[in-house]
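# Descriptive analysis of the structure
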Amino acid sequence: MKTIILAVIIVLAATSAVEASGGGDVWYSVLFPGIGQIKSGRYGRGTLLMGAEMISLVGLVIADIQYDRSVEQYERAKAYYLNADYIGDATENYNIMLKKWDDAEKLDTYRKVLVGAAVGVWVLGILDMVISDDPENMPVSLEYKGNAFLVTKTFSF
Amino acid sequence: MKRNYIVTAVLVGFIFLGACTKEHKDLPAGFRYEPPPTPEDLEVDGSAETATLTWNYPEESRGPVQFRVYTELEFYGLLYIDTTEDTFYIHSQLIGNNWYCYKVSAVDTVIGLEGWRTDTVCEFVPSASD
């Protein structure tokens, strides 16, 4: 519940900031980091933000799956440990339980860092669109060279 | 309209992120088991298709305990044979001219916990006709 309330507050704050800035291509960056930048001609920055968000989200999904697996193994070892009637089984499952607990703690930290990174990149993408000036109109130049034409398109990063 | 769709999509995304951060429960405090001591000086004497096992158990540790006797067989591993309250056990009707291996452990009958098993002790059991 706490997480949902926090999510609503973050999203409403971000959308209010976007609304105040006049919207436009910024909405695309609200939807997914980098789209707004690409739409407004900042291809390099857009690709970078999109890539960073993708890496964070894929990492998060992997860490979350691994975390769930560790918690499941921990719960199983705990049940065996609590119901053990031989000291050898109790000791073995206690050690497995401790190891899986450590794994879950480590993976939980990874997940939190990756959630932070995903939200951070998202906010950065919006701020970049709100704060940055519109990129200059990138010209397409056409040059005549003897028996050929040279077409040049300039990209902004 | 576009704004509403985007805000909804982003909210769903954030709730998904929130679902990824569910916590695991607390670790049980400390190792809670105190096993009965292991039987000592296990000896096996093989004679006429019978193996006689004897062991010692410290009198001061002698609470309400029973002893579990196991045999260790090739390909089958450890097999439980019987439980006794004495510090000896006679394993009869064996197949002669074979090696037999045993382990013994003490069980605290109050908490129902079996302690560490002894090391394996093996003995040759001759046939009745030898």
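Along every chain, residues carry numbers that run from 1 in the direction the sequence is written. Working convention: letters from A go to chains and numbers from 1 go to ligands, in the order in which they are written. pLDDT decides what is reported in this predicted model: residues at 70 or higher carry local features, side-chain atom pairs at 80 or more are listed and counted, and totals for whole chains, interfaces and linings draw on all residues regardless. As a convention, hydrogens and water are excluded, and side-chain values are obtained from all of the structure's heavy atoms.

## Things to note about the interface of chain B and chain A
Contacts are residue-level and defined by heavy atoms, with any inter-residue pair within 4.5 Å sufficient. The interface is formed by 32 residues belonging to chain B together with 45 residues belonging to chain A. Any carboxyl oxygen of Asp or Glu that lies within 4 Å of a side-chain nitrogen of Lys or Arg is treated as forming a salt bridge with it. Inspection of the region where chain B meets chain A yields 0 salt bridges. Each polar contact in these results corresponds to two N or O atoms within 3.5 Å; when the atoms are within protein, one needs to be able to donate a hydrogen and the other to accept it, and residues that are neighboring in sequence are counted only if both atoms are side-chain atoms. At the junction of chain B and chain A, the tally comes to 4 residue pairs in polar contact (both at pLDDT 80 or more). Numbering of helices and strands runs from the N terminus; a helix is a DSSP stretch of H or I covering at least four residues, while a strand is a stretch of E covering at least two. Where the side of chain B that touches chain A is concerned, the elements lending two or more residues are helix 1 (2-19) and strand 7 (113-114) of chain B. Charged means Asp, Glu, Lys or Arg here, nonpolar means Ala, Val, Leu, Ile, Met, Phe, Trp, Tyr, Cys or Pro, and polar covers whatever is left, Gly included. In the side of chain B that touches chain A, the residues fall into 17 nonpolar, 6 polar and 9 charged.

## Here we look at the pairing of strand 6 (residues 98-108) of chain B
Residues and elements named next belong to chain B. For strand 6, a buried count of 9 out of 11 residues is recorded, marking the element as mostly surrounded by other parts of the structure. At least two bridges found by DSSP between two strands is the condition for calling them paired. As judged from the 8 bridges shared by strand 3 (residues 65-73) and strand 6, these two strands associate in the antiparallel manner. Looking at the pairing, Arg68 lines up with Ser105 of strand 6. Both strand 6 and strand 8 (residues 121-125) contribute to a ladder of 5 bridges, which runs antiparallel. Note that in strand 8 the partner of Tyr102 across the bridge is Val121. In terms of strand pairing, strand 6 meets strand 7 through 2 bridges, oriented antiparallel. Considered in strand 7, the bridge of Asp108 is made with Leu113. What sits between strand 6 and strand 7 in their antiparallel hairpin is a turn of 4 residues, with Gly112 showing a positive phi close to 70°. Using a 1.4 Å probe on the protein chains alone, a residue whose accessible area is under 20% of its type maximum counts as buried, one over 50% counts as exposed, and one in between counts as partly exposed.

## A few points about the confidence of the model for chain A
By definition, pLDDT measures how confident the predictor is in each residue, and it falls between 0 and 100. Residue-level pLDDT values for chain A average 84, and 86% of them are 70 or greater. Ranking the elements of chain A by mean pLDDT puts helix 1 (residues 2-21) of chain A last, at 70, and helix 4 (residues 43-82) of chain A first, at 91.

## Points about the nonpolar core
Throughout, nonpolar core names a set of buried Ala, Val, Leu, Ile, Met, Phe, Trp, Tyr and Cys residues whose side chains join them through atoms within 4.5 Å. If you look at the biggest cluster of nonpolar residues, it comprises 17 residues, and the most contacted ones within it are Val30, Trp122 and Ile126 of chain A together with Val10 and Phe14 of chain B. For this core, the secondary structure elements donating two or more residues are helix 1, helix 2 (26-31), helix 4 and helix 5 (87-131) of chain A together with helix 1 of chain B. Take this core: its biggest share by element is 6 residues, from helix 5 of chain A. Once you skip the residues sitting within four places of it in the chain, Val10 of chain B turns out to touch Val11, Val30, Leu31 and Trp122 of chain A. Core analysis: the second largest hydrophobic core is formed by 16 residues, Ala51, Val65, Phe67 and Val69 of chain B among them.

## A few points about the pairing of strand 2 (residues 50-56) of chain B
All names here are of chain B. Pairing between strand 1 (residues 40-47) and strand 2: 6 bridges, direction antiparallel. Each residue of the ladder has a partner; that of Val44, found in strand 2, is Leu53. Taking the residues that link successive antiparallel strands as the turn, the strand 1-strand 2 hairpin has 2 residues, and the phi of Ala48 there is positive, at about 40°. Note that strand 2 and strand 5 (residues 88-91) share 4 bridges and pair antiparallel. Bridge pairing in strand 5 links Leu53 to Tyr89.

## Quick look at the side chain of Glu53 of chain A
Among the structural elements, Glu53 of chain A can be located in helix 4. His is not counted, nor are the chain ends, whereas Lys and Arg count as positive and Asp and Glu as negative. Among buried Asp, Glu, Lys and Arg side chains, Glu53 of chain A stands out as unpaired, with Arg45 of chain A the closest opposite charge at 15 Å.

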